[in-house]
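Understanding the architecture of this molecule
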Amino acid sequence: MIDLAKIVAIDVHTHAEVSCKQPHDDYRPEFDEAFARYFKSTHRPTIQETITYYREQNMAFIMFTIDSEHETGKRRIPNEEVAEAALENSDVMIAFASIDPHKGRMGAREAKRLIEDFGVKGFKFHPTVQGFYPNDRMAYHLYEVIAAAGLPMLFHSGHSGFGSGVRGGGGLRLDYSNPIHLDDVAIDFPDSPIIIAHPSWPWQDEALSVCMHKPNVYIDLSGWSPKYFPPQLVQYANTQLKHKMLFGTDFPLITPERWLKDFEVAGFKDEVKPLILKENAIKMLGLTV
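Residues numbered from 1 in each chain as written. Predicted model: local features only at pLDDT ≥ 70, side-chain atom pairs only at ≥ 80, totals over all residues. Heavy atoms only, no water.

1. Examining the environment of Trp 203
Mapped onto the fold, Trp 203 is located in the loop between strand E6 (194-197) and helix H9 (204-213). The class of Trp 203 is buried, set by a relative accessible area of 15%. A C-alpha to C-alpha distance of 38 Å links Trp 203 and Lys 21, two positions 182 residues apart in sequence. Those residues in contact with Trp 203, other than ones at most four positions away along the chain, are Gly 158, Leu 174, Asp 175, Ser 177, Asn 178 and Pro 179. (Helix = DSSP H or I, 4+ residues; strand = E, 2+ residues; numbered from the N terminus. Buried < 20%, exposed > 50% of the residue type's maximum accessible area, 1.4 Å probe, protein only. Contact = heavy atoms within 4.5 Å.)

2. Thoughts on the sheet that holds strand E3 (residues 93-95)
With parallel pairing, the three strands of this open sheet are ordered in space as E1-E2-E3. Two strands close off the open sheet at either side, each with one partner strand: strand E1 (9-15) and E3. Neighbour-to-neighbour, the strand axes of the sheet open up by a mean angle of 25°, direction not taken into account. Where E1 lies against strand E2 (residues 59-64), five bridges are found, and the strand directions are parallel. If you follow Asp 11 over to E2, its bridge partner there is Phe 61. Across the sheet, helix H4 (residues 79-88) lies against E2 and E3, angled at about 145° from E3, the strand it touches most. (Pairing = 2+ DSSP bridges. Axes fitted to C-alpha atoms, helices over the stretch in contact; angles between N-to-C directions.)

3. Digging into the sheet that holds E6
Spatially, E4-E5-E6-E7-E8 is the arrangement adopted by the five strands of the open sheet, whose pairing is parallel. The sheet is open, and its two borders are formed by strand E4 (123-125) and strand E8 (245-246), each paired with just one other strand. The sheet contact formed by strand E7 (residues 217-220) and E8 spans two bridges and is parallel. Directly across from Asp 220, in E8, lies its bridge partner Leu 246.

4. As for the nonpolar core
The nonpolar side chains of soluble globular proteins are, as a tendency, buried together. Grouped together as the largest cluster of nonpolar side chains are 65 residues, with contacts concentrated most on Met 93, Phe 123, Tyr 143 and Ile 276. With residues up to four places along the chain from it excluded, the contact list for Met 93 reads Ile 47, Ile 51, Phe 61, Met 63, Val 82, Ala 85 and Ala 86. (Core = buried A, V, L, I, M, F, W, Y, C linked by side-chain atoms within 4.5 Å.)

So, in C-alpha cells, the structure goes:
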C-alpha cells in the first residue's frame, strides 16, 4: 500500500521502455534513431530501475507500456510484466495497461482479465501511435469494460515525439490526438475519469475547454518542462481547473527533478502546487489517506 501521507507526489505518467522478459523489438531502427534525436537521450531504464529511482525520490508513480501492434507492427511489452511489478512494489507503483483498440472484443476480454487477475488500475491510449480516433466506436468494446470497473482512461494528446523526423512522420497522423475527440468519450462514459495527457500543443485551448466542460476530464502536465507550458494552461491550473490538473513527467523522457525544479518558477500559486502534485491524483484514483 502507498503511504499517501509520506510520499511527496504521484507521477501519473511514466513509461515501461525495457522488457526483462523479451528482447527489444528492433522493428524499424529509424524510429529509435529519430526518438533519440528528438528527446536527446538513448537511455531507457528497466522497470526495476524505475521503481528504485522513484522510491528514492519518495514518490509514487503510474507506469504503462503502449500497445501499437496494429498500426506500427511493434511487439508490445507485456501488460502482465508491468502489472506484476506493481503488485510486488505496491508501496510506490501503480499499473495501467495498454491494449490496442483494434483488437476489439478480444482486447476487451484481455482488459477484463488484467483488471480481475492482475489488479490493473487504469488504461493508457496513444491515438497517434495506435492509429485511431478516440471517439471511434471500434474502441467502445474496450472502454465499456474499463468503465464498468470504474477505472481511468489516459489519452495522449497533441504533438507526438514518436515519429518526429522520420520520413512522412512514419505514417503516424497527429490529428488522431486532437483532444476535442475526447469530448464524445466523456459524454458516452460520464462516470469514468478521462485524463488528457500533456500540454496539448497545438490544441491547448481544445483541451482546456473539454476539461472545463466535462466533470470527469482531467489534464496531466507530463511531457514538457513547466517553463514551456502555454500561459493559458498555467492560468487555468491556477484558477477554474486547479482541482483537475495532475503531476506527470513522461519519465524517462523527463525526470521528476527537472520537472519540479522548473515547476517552482513557472507561475503556479503556492496553494495550487499540493493539489497538482498529489491531492488531485488521490481523488481521481479513488485512493484514501
